Amino acid sequence: FAGGPPAGPGGDGQAQGGFGAAAGLLDASTPSPALTSALKADSTKYTWVAAAVGANSAAGYQIATRLPVMAIGGFNGTDPWPTLAKFQEIVGQQKVHYFIAGGGFGGGASGTSSQVSTWVKQNFKTVTIGGVTLYDLTSPTTATSASGG
């Protein structure tokens with residue numbers, strides 16, 4: 001029709017590739033009511049109710065709870081912040097409650113994000129709520145885990 005989008009390579013007016021093809025990658029998670037409630041519990045005790053690799057992963061939880069969620073590695077999980085040492089310090093100060101498993105743009109993560117994820121998985125107890133695995137950063141598996149020992 002007149003004024004419609006120009007025909008793409010398929011000749012049907014539908015763009016091939018471009019932003020439309022990537023739009024699904026930018027969809028933030030939608031946590032269950034049970035998970036949202038768990039993240040909100042005792043939230044005043046923490047600077048961040050949770051940490052997740054990548055801002056896209058963190059966004060859905062932050063929107064649902066209306067509370068701060070740390071994006072490890074920045075937008076797509078590849079920025080070198082926080083370092084493992086800095087994250088261990090933050091956890092040791094009990095400033096973040098949970099680590100949300102998974103995340104990162106397309107599942108990718110930098111060496112720094114991978115180091116943080118590995119340390120968390122090796123040192124903290126898990127809980128699954130609404131089909132999402134969380135690591136309780138207030139519940140180390142050993143007495144020295146929170147300080148990086």
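As the structure is a prediction and not an experimental result, all values here were calculated from the model.

Secondary structure assignment for the chain yields 5 helices and 5 strands. Helices and strands appear in the chain in the N-to-C order α-α-β-α-β-α-β-α-β-β. Counting only residues that meet the buried cut, the chain has 37% of its 149 residues in that class. In the chain, of all internal contacts separated by at least 6 residues, the share reaching a separation of at least 24 is 58%.

Looking now at the side chain of Thr-65. With respect to the helices and strands, the residue Thr-65 is situated in helix H3 (residues 55-65). Using a relative accessible area of 4% as the deciding quantity, one classes Thr-65 as buried. In this view, Thr-65 contacts Thr-36, Leu-39, Lys-40 and Val-49; residues no more than four positions away in its chain are not counted.

This brings us to the packing of aromatic side chains. Applying the stated criterion across every chain, the model contains 4 aromatic pairs. Clustering of aromatic rings is evident, with ring pairs tying together Phe-87, Phe-99, Trp-119, Phe-124 and Tyr-135.

Here we take up helix H5 (residues 111-123). Along its 13 residues, H5 runs 18 Å from first to last C-alpha, staying within 8% of the 18 Å computed at 1.5 Å per residue. Where H5 is concerned, the buried positions are Thr-112, Ser-113, Val-116, Ser-117, Trp-119, Val-120 and Asn-123. Buried positions in H5, seen along its axis, are confined to an arc of 165° and lie on one side of it.

Turning next to the confidence of the model for the chain. Confidence along the chain averages 80 in pLDDT terms, with 71% of residues attaining 70 or more. Mean pLDDT across the secondary structure elements of the chain bottoms out at helix H1 (residues 18-22), with 33, and peaks at helix H4 (residues 84-92), with 98. Low pLDDT, under 50, characterises residues 1-25; the stretch is placed with 10 contacts to residues that sit more than four places away or in other chains.

Turning our attention to the nonpolar core. Formed by 15 residues in total, the largest nonpolar core has its most connected members in Phe-87, Phe-99, Val-120 and Leu-137. For Phe-87, the residues in contact, after removing those within four places along its chain, are Ala-51, Met-70, Ile-72, Pro-82, Val-96, Phe-99, Val-116, Trp-119, Val-120 and Leu-137. Core analysis: the next-biggest nonpolar cluster, separate from the first, contains 14 residues, Ala-38, Val-49, Ala-58 and Ile-100 among them.

A pair of packed helices is characterised by two quantities: the angle between their axes and the separation of those axes. Between helix H2 (residues 33-40) and H3, the least distance of the axes is 10 Å, while the angle of their chain directions is 80°. Between H2 and H3, the interaxial angle falls into the category roughly perpendicular. In this structure, H2 uses Leu-35, Thr-36, Leu-39 and Lys-40 to contact H3, whose residues at the interface are Tyr-61, Ala-64 and Thr-65. Along the lines of polarity and charge, the residues of the contact of H2 with H3 split into 4 nonpolar, 2 polar and 1 charged.

The next thing to look at is the environment of Thr-65. In this structure, the C-alpha to C-alpha distance between Thr-65 and Lys-40, residues 25 residues apart in sequence, is 6.3 Å. Polar side-chain contacts of Thr-65 include one of 3.1 Å to the backbone nitrogen of Leu-67.

What follows concerns the pairing of strand S2 (residues 69-72). Looking down a regular strand, the side chains alternate between one sheet face and the other. Of the pairings in the sheet, the one linking strand S1 (residues 48-53) to S2 comprises 4 bridges and is parallel in character. If you follow Ala-52 over to S2, its bridge partner there is Ala-71. With respect to chirality, the unit in which S1 leads through H3 into the neighbouring parallel S2 is right-handed.

Thresholds, definitions, all that
The written sequence of each chain sets the order in which its residues are numbered from 1. Residues qualify for local features only when their pLDDT is at least 70, as the model is predicted, and side-chain atom pairs are given and counted only at 80 or more; totals for whole chains, interfaces and linings, by contrast, use all residues. Calculation of side-chain values draws on the structure's entire complement of heavy atoms; hydrogens and water are dropped beforehand. Runs of E in the DSSP output that reach at least two residues are strands. Runs of H or I that reach at least four are helices, and both are numbered from the N terminus. Relative accessible area decides the class of each residue, using a 1.4 Å probe on protein chains only: under 20% of the type maximum gives buried, over 50% gives exposed, and in between gives partly exposed. Two residues form a contact once any of their heavy atoms are found within 4.5 Å. Note on aromatic pairs: the rings of Phe, Tyr and Trp (six-membered ring only in Trp) are paired at centre separations within 6.5 Å, and the planes decide the class, stacked below 30 degrees, edge-to-face beyond 60, tilted for the rest. The span one expects for a helix is its residue count, reduced by one, times 1.5 Å. In this description, one arc is meant: the one made by directions from the helix axis to the C-beta atoms. pLDDT gives the predictor's per-residue confidence on a scale running from 0 to 100. By nonpolar core we mean a set of buried residues, namely Ala, Val, Leu, Ile, Met, Phe, Trp, Tyr and Cys, connected to one another through side-chain atoms within 4.5 Å. The axes are straight lines fitted to the C-alpha atoms, using for helices just the contacting stretch, and the angles between their N-to-C directions are given from 0 to 180°. What sets the label is the angle itself: under 35 degrees gives roughly parallel, over 145 gives roughly antiparallel, 65 to 115 gives roughly perpendicular, and the rest give oblique. Polar here means any residue outside two lists: the nonpolar Ala, Val, Leu, Ile, Met, Phe, Trp, Tyr, Cys and Pro, and the charged Asp, Glu, Lys and Arg; Gly therefore counts as polar. The term polar contact refers here to a pair of N or O atoms within 3.5 Å; inside protein, the definition further demands a hydrogen-donor-capable atom paired with an acceptor-capable atom, and it admits residues adjacent in sequence only when both atoms are side-chain atoms. Strand pairing requires that DSSP identify at least two bridges connecting the strands. Viewed with both strands pointing away, a crossover whose connecting path from the first strand over the helix to the second turns clockwise is right-handed.

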